[in-house]
Structure formats: structure tokens, C-alpha cells
Amino acid sequence: MLLKHAALQFGIALALFTLWAASDAWYTVTGLAIATVLSMLLAILAGVAVATVIHEWCHLLGAKLGGANYKIPEKLGLFVYDYDFSSNTLSQFNAMSLAGQFGSWLSVAGLALLIPGDNPGRDMLVCAAVGAAVYAGIIELPPLKRAQISGDPLAELSRIDQSVLTRAGIGAVAAILLLLFIKI
């Protein structure tokens, strides 16, 4: 079942990355405004997809390396595994949680190192990955911090509501725009 999850998630990220790469090549060859716009739009999708997939799989790696109990769900979706909060320790939760954050920033570093920032679409690709990392951090780091005090990660994660998701979205967009502004 894990292979099905991997095929779906990495397949979507690869498809979006490939579409972005094609639009980047079109922009590079022609310099057309429409190619620039398409490259930037697809860069948002590809950057977010790559960062999100790496983030989620690093969560799983952190759970596995931390010795946590989890199950692989039958239903395919964003989440690769079902974490068993009732049988895992706080340190196992910490390992799982921090590994996802590490994965987000690992994807940013990888894209920044592998993709030259010499055109708008390439800049946007890295900026979008940063936005995805900021989004995940705003959502996940406060419950992680609170769980160190309460000792109840599930209760802390249960406090994530629409206002948290909205703040995370605003933070992600702000990070992307700030980075683009700095780059320009």
C-alpha cells in the first residue's frame, strides 16, 4: 500500500514539475509574456507539490526512525500514514513532527541549489516551496511547542482550526511575495 501512496504523491509532484519545466523551457526559448505567466503559475503548483510531498514523507521517516506506531491507510490521499497518538510517546511525536519540518526546508534547499534563479518562473518555484514550508511551520510548530508543556500532542493538534489555516495561508503568501520582492 505504501508504494501506491508513493506512486500517487510523487507522480503528481513529478507531473507538475514536468509541466513547469516545459513552460520554463518555452519561456527560455521565446521570452513570451504568456510563457512567463504560465511558468510562474505552474511554478507555484510544482514548488508547493514538491515541498509538501517531501514534508509528508519525512514525517513518515521521522515516525519510523523514532520507533512510533502507525498504520498505512488503504485510502490514498495527502497523508501517507495514520499516526497512533495513543501508543506513542512525546519524544516519538517530536521526532515525527520535526522530521516533516526538516523535509520542508530540505526541499527548499534542494530546489534552490539545483535550479538557478535566473528567470521569474525559476524564482517562483523556490519561493513557492518556501511558502509551503512556512505554511506547514505556522500550522505545526505551535502545537509541537504546546505539546512539550501539556504532554498531549493530539489535543494540541486538535486546536488547529480555520483561523490557524488562514493565518498560515497569509504567512505563506507573504513569504512568497517578500522573497520575490527581494529577488526583483
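Refer to the structure printed above.
Everything numeric in this text was worked out from a predicted model, so none of it was measured.

Chemist: How do you make sense of the packing of aromatic side chains when you look at a structure like this?
Modeler: Within a pair of aromatic rings, the relevant descriptors are the distance that separates the centres and the angle that separates the planes. Under the criterion given, the structure shown has seven aromatic pairs. A centroid spacing of 5.3 Å and a plane angle of 50° characterise the contact between Phe-17 and Trp-20, whose relative ring orientation is tilted. Residue Phe-17 and its partner Trp-20 are both found in helix H1 (residues 2-30); the two are separated by three residues, about one turn of the helix. On the accessibility criterion, Phe-17 (24% relative accessible area) is partly exposed. A relative accessible area of 3% means that Trp-20 is categorised as buried. Both rings, one in Tyr-81 and one in Tyr-83, keep their centres 6.5 Å apart while their planes meet at 75°; by these two values the pair is edge-to-face.

Chemist: Sorry, what's going on with the side chain of Asn-88 here?
Modeler: Within the secondary structure layout, Asn-88 lies in the loop between strand S2 (82-83) and helix H3 (90-114). Polar contacts involving the side chain of Asn-88 include one to the main-chain amide nitrogen of Asn-69, which spans 2.6 Å. Only 2.7 Å separates the side chain of Asn-88 from the backbone oxygen of Asp-84, close enough to count as a polar contact. Those residues in contact with Asn-88 that sit more than four places away from it in its chain are Ala-68, Asn-69 and Tyr-83.

Chemist: Teacher, can you tell me more about the packing of helix H2 (residues 33-65) against helix H4 (residues 120-150) here?
Modeler: Relative placement of two packed helices is described by the angle separating their axes and the distance separating the axes. Packing of H2 against H4 leaves a shortest axis separation of 7 Å and a crossing angle of 40°. In terms of axis orientation, H2 runs oblique to H4. Relative to H4, the crossing made by H2 is right-handed. Across the interface between the two elements, Thr-36, Ser-39, Met-40, Ala-43, Ile-44, Ala-46, Gly-47, Val-48, Ala-51, Thr-52, His-55 and His-59 of H2 pack against Pro-120, Gly-121, Met-124, Leu-125, Ala-128, Ala-129, Ala-132, Ala-136 and Glu-140 of H4. Per-class residue counts for the contact of H2 with H4 are 13 nonpolar, seven polar and one charged.

Rules of the game
- Residues numbered from 1 in each chain as written.
- Predicted model: local features only at pLDDT ≥ 70, side-chain atom pairs only at ≥ 80, totals over all residues.
- Heavy atoms only, no water.
- Phe/Tyr/Trp six-rings, centres within 6.5 Å; stacked < 30°, edge-to-face > 60°.
- Helix = DSSP H or I, 4+ residues; strand = E, 2+ residues; numbered from the N terminus.
- Buried < 20%, exposed > 50% of the residue type's maximum accessible area, 1.4 Å probe, protein only.
- Polar contact = N/O pair within 3.5 Å; in protein donor to acceptor, adjacent residues only side chain to side chain.
- Contact = heavy atoms within 4.5 Å.
- Axes fitted to C-alpha atoms, helices over the stretch in contact; angles between N-to-C directions.
- Parallel < 35°, antiparallel > 145°, perpendicular 65-115°, else oblique.
- Left-handed = near helix turned anticlockwise from the far one by under 90°.
- Nonpolar A, V, L, I, M, F, W, Y, C, P; charged D, E, K, R; others polar.

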